[in-house]
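Summary of the model geometry
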Amino acid sequence: MTAIDTTPAPTGVANDQGPGRLQTVLHFASRQYLVAVLVVLAVAVGIAKPSFWGGGNIENVLFQASLVGLAACGMTLLIAGGLLDLSVGGVIAVSAIAIGTVLPSTTIGGAIVVALAIGVGLGLVNGLLVTYVRIAPFIATLGTLYLFLGLAFIWTSGKVVPITSSNYRAATTETIGRVPYVFLVFLVVAVAAYLLLSRTHFGRTVRAFGSNERAAVLAGLPVARAKVLVFVVAGLCFALSGVFMAGRLSSAEGNMAMGFEMDVIAAVVVGGTALRGGRGTMFGTVVGSLLFAVLANALNLLGVASYWQYVLTGTVLVVAIAIGARRSAAAEVRGAG
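Starting from 1, residues in each chain are numbered consecutively following that chain's sequence as written. Two thresholds apply to this predicted model, a pLDDT of at least 70 for residue-level local features and 80 or more for giving and counting side-chain atom pairs, whereas whole-chain, interface and lining totals are computed over all residues. Values shown for side chains rest on all heavy atoms present in the structure; no hydrogens or waters enter the calculation.

What to know about the overall build of the protein chain
Each helix is a run of DSSP H or I of at least 4 residues and each strand a run of E of at least 2, with the numbering of both proceeding from the N terminus. The secondary structure content of the protein chain amounts to 14 helices and four strands. Throughout, exposure labels follow a simple rule: accessible area from a 1.4 Å probe, protein chains only, divided by the maximum for the residue type, with under 20% read as buried, over 50% as exposed, and the rest as partly exposed. Relative to its full complement of 337 residues, the protein chain shows a buried share of 44%. Pairs at least 24 apart in sequence give 78% of the contacts found in the protein chain among residues at least 6 apart. Each accessible area value is a Shrake-Rupley result obtained with a 1.4 Å probe; residue values ignore everything except the protein chains displayed when judging cover. On the protein chain, roughly 16600 Å² of surface is accessible, and the fraction owed to carbon and sulfur atoms is 67%. By the convention used here, residues are in contact when the closest approach between their heavy atoms is within 4.5 Å.

Next up, the structure:
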């Protein structure tokens, strides 16, 4: 009689590879359910309004998503650290006005460098206020929002600054096929921000003090330096969004990005980054930016009044926060069990 081999298969080899991979895929899918929502929304709008799939409209959606997404990359880093910056509109306005002011007497590259340097400087102001003056981020950046907006209005005397360079406008609104350059820049920035957050000592420090600042300090991590630096990086991202926004509008003024911070925060939170800090998802931020751009575009195509867009955006944001809270609570229960 032939003997039957009852020796168990080695753990983690053939038997576990399939289920392990499947579990990983399912876990990713459950965390990134917004991808399915985005696809369903795009298909539904395309069926209701076939013009949605027109090349010009897709280009417009990608451009709008990129403007929000560039700023949202910086906001994701901040929120992962348990921080917040409400001065987005002010940083964008000052940076864009700087471009319109210096562009007639300098090169396009020089104007962009000036704008980014201003974003870094304004981000540094926020970081110092929060870290060393010890003002709560919400209060500090709400104050600097009005400070920066005031500077923008004083700088322009309340007038619109035109972007006179046709080369600048072309450079910031150019496309490859129907894909705007700004969308490619957005993807590059998102990848860079992901690597910064997940693959560097700086990113680990940000996530550590986002989870528990006291524990991070006791562990000897450079919390103060990382806090200031994350505001600086965020300011750079906000200014980069202003660079392309100025080209898109062919002008700059103090109120050009009023309320823009709420779109940015909404994209980050809906994308899955927890407001309480400790973790951030750049992939979710990209999807969240695209989702809100598609949603706004769909409402415009369907002829829905603009004020209903605020209602819908607020509803989506509240639902996303509620889902995130329930998931966090469920994770804590499983961990305790």
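Observations regarding the environment of Met-258
Following the sequence through the fold, Met-258 ends up in the loop between strand E4 (251-252) and helix H12 (260-270). Sequence-wise, Met-258 and Leu-149 are 109 residues apart; in three dimensions their C-alpha atoms are separated by 9.1 Å.

Comments concerning the environment of Val-39
Considering the arrangement of structural elements, one finds Val-39 in helix H2 (residues 33-48). With 252 residues separating them along the chain, Val-39 and Leu-291 place their C-alpha atoms 9.0 Å apart.

A closer look at the side chain of Lys-227
Relative to the helices and strands, Lys-227 is located in helix H11 (residues 223-249). Residue Lys-227 is classed as buried on the basis of its relative accessible area of 10%. If near-sequence neighbours (up to four positions away) are discounted, Lys-227 is found in contact with Leu-83, Thr-131, Phe-209 and Glu-213.

Let's talk about a nonpolar patch on the surface
The residues that make up patches have over 30% relative accessible area and no salt bridge, and they are joined within 9 Å when like-charged or within 5 Å when they are Val, Leu, Ile, Met, Phe, Trp or Tyr. Any Lys or Arg side-chain nitrogen found within 4 Å of a carboxyl oxygen on Asp or Glu counts as a salt bridge. A cluster of nonpolar side chains, contributed by Leu-124, Leu-128, Tyr-132, Val-133, Ile-135, Phe-138 and Ile-139, occupies part of the molecular surface with about 650 Å² of accessible area. With respect to the helices and strands, Ile-135 occurs in the loop between helix H5 (108-131) and helix H6 (137-156).

Details of the nonpolar core
Among buried residues, those of type Ala, Val, Leu, Ile, Met, Phe, Trp, Tyr and Cys that are joined through side-chain atoms within 4.5 Å constitute a nonpolar core. Counting residues in hydrophobic clusters, the biggest one holds 90 residues, and the most contacted among them are Met-75, Phe-238 and Phe-260. Considering each element in turn, this core owes the most residues, 15 residues, to helix H3 (residues 55-80). Where each domain begins and ends follows an automated or database-derived domain assignment. Counting residues domain by domain, this core receives three or more from each of domain 1 (1-48) and domain 2 (49-328). Residues contacting Phe-260, with those up to four places away along its chain left out, are Leu-67, Val-68, Ala-71, Val-88, Ile-92, Ser-241 and Met-245.

Re unusual backbone geometry
At Arg-134, a residue that is not glycine, the phi angle is positive and equals roughly 60 degrees. Positionally, Arg-134 belongs in the loop between H5 and H6. In this structure Arg-134 comes out as exposed when scored by relative accessible area, which is 70%. Of note in the backbone geometry, Ser-250 takes a positive phi value of approximately 60 degrees without being a glycine. Position of Ser-250 among the secondary structure elements: in the loop between H11 and E4. Ser-250 sits in the partly exposed class, given a relative accessible area of 29%.

Focus on the layout of surface pockets
Taken as a whole, the largest pocket encloses approximately 840 Å³ of empty space. In terms of lining residues, the largest pocket is bounded by 33 residues, among which Gln-64, Val-68, Asp-263, Ala-296 and Gln-309 are the most central. For the lining of the largest pocket, the element with the highest residue contribution is helix H13 (residues 282-301), accounting for eight residues. All residues other than Ala, Val, Leu, Ile, Met, Phe, Trp, Tyr, Cys, Pro, Asp, Glu, Lys and Arg, Gly among them, are scored as polar; the first ten of these are nonpolar and the last four charged. Of the residues contributing to the lining of the largest pocket, the split by class is 21 nonpolar, ten polar and two charged. Buriedness of a pocket was judged along seven lines, with at least five required to meet protein on both sides within 12 Å; pockets are open sets of points on a 1 Å grid over the protein atoms alone, cavities are sets where a 1.4 Å probe fits but cannot get out, and lining residues have an atom within 4 Å of a point. Grid points are joined across faces, edges and corners, and a volume is the space filled by probe spheres set on the points.

Let's talk about helix H4 (residues 88-102)
A helix's residues, less one, multiplied by 1.5 Å, set its expected span. Here H4 spans 22 Å end to end across 15 residues, near enough to the 21 Å set by a 1.5 Å rise per residue. Among the 15 residues of H4, 13 are classified as buried, and the element is accordingly described as predominantly covered.

Some remarks on the packing of aromatic side chains
The criterion for an aromatic pair is that two Phe, Tyr or Trp rings (for Trp, the six-membered ring) have centres within 6.5 Å, with stacked assigned to planes under 30 degrees apart, edge-to-face to planes over 60 apart and tilted to the rest. Inspection of the entire model under this criterion finds three aromatic pairs. With 5.0 Å between their ring centres and 80 degrees between their planes, Phe-52 and Trp-53 make a pair best called edge-to-face. Judged by relative accessible area, Trp-53 falls into the partly exposed class, the value being 48%. With a centroid separation of 6.1 Å and 70 degrees between ring planes, the pair formed by Phe-183 and Phe-186 is classed as edge-to-face.

Thoughts on the pattern of salt bridges
Here the idea is simple: oppositely charged side chains can pair when their charged atoms come close. Overall, the coordinates contain two salt bridges when judged by the stated rule. One salt bridge connects Glu-59 with Arg-178, and the closest N-O pair in it is separated by 3.4 Å. Taken together, the residues Glu-59 in helix H3 and Arg-178 in the loop between strand E2 (175-176) and strand E3 (179-180) connect sequence positions 119 residues apart. Residues Glu-213 and Lys-227 are paired through a salt bridge, measuring 3.0 Å at the closest nitrogen-oxygen approach. Of the two residues, Glu-213 is situated in helix H10 (residues 213-218) and Lys-227 in helix H11; the sequence distance between them amounts to 14 residues. Judged by relative accessible area, which is 35%, Glu-213 ranks as partly exposed.

Concerning the packing of H3 against H11
Packing of H3 against H11 leaves a shortest axis separation of 7 Å and a crossing angle of 165 degrees. Comparing the axis directions of H3 and H11 gives the class roughly antiparallel. In the packing of H3 onto H11, the handedness of the crossing is left-handed. Contacts between H3 and H11 involve Asn-60, Phe-63, Leu-67, Leu-70, Ala-71, Cys-73, Gly-74, Met-75, Leu-77 and Leu-78 from the former and Val-230, Phe-231, Val-233, Ala-234, Cys-237, Phe-238, Leu-240, Ser-241, Phe-244, Met-245 and Arg-248 from the latter. For the contact of H3 with H11, the per-class residue count stands at 17 nonpolar, three polar and one charged. To get an axis, fit a line to the C-alpha atoms, keeping to the stretch in contact for a helix; angles then go from 0 to 180 degrees between the N-to-C directions. What sets the label is the angle itself: under 35 degrees gives roughly parallel, over 145 gives roughly antiparallel, 65 to 115 gives roughly perpendicular, and the rest give oblique. In this scheme the handedness of a crossing depends on how the near helix is turned from the far one: anticlockwise by less than a right angle means left-handed, clockwise means right-handed.

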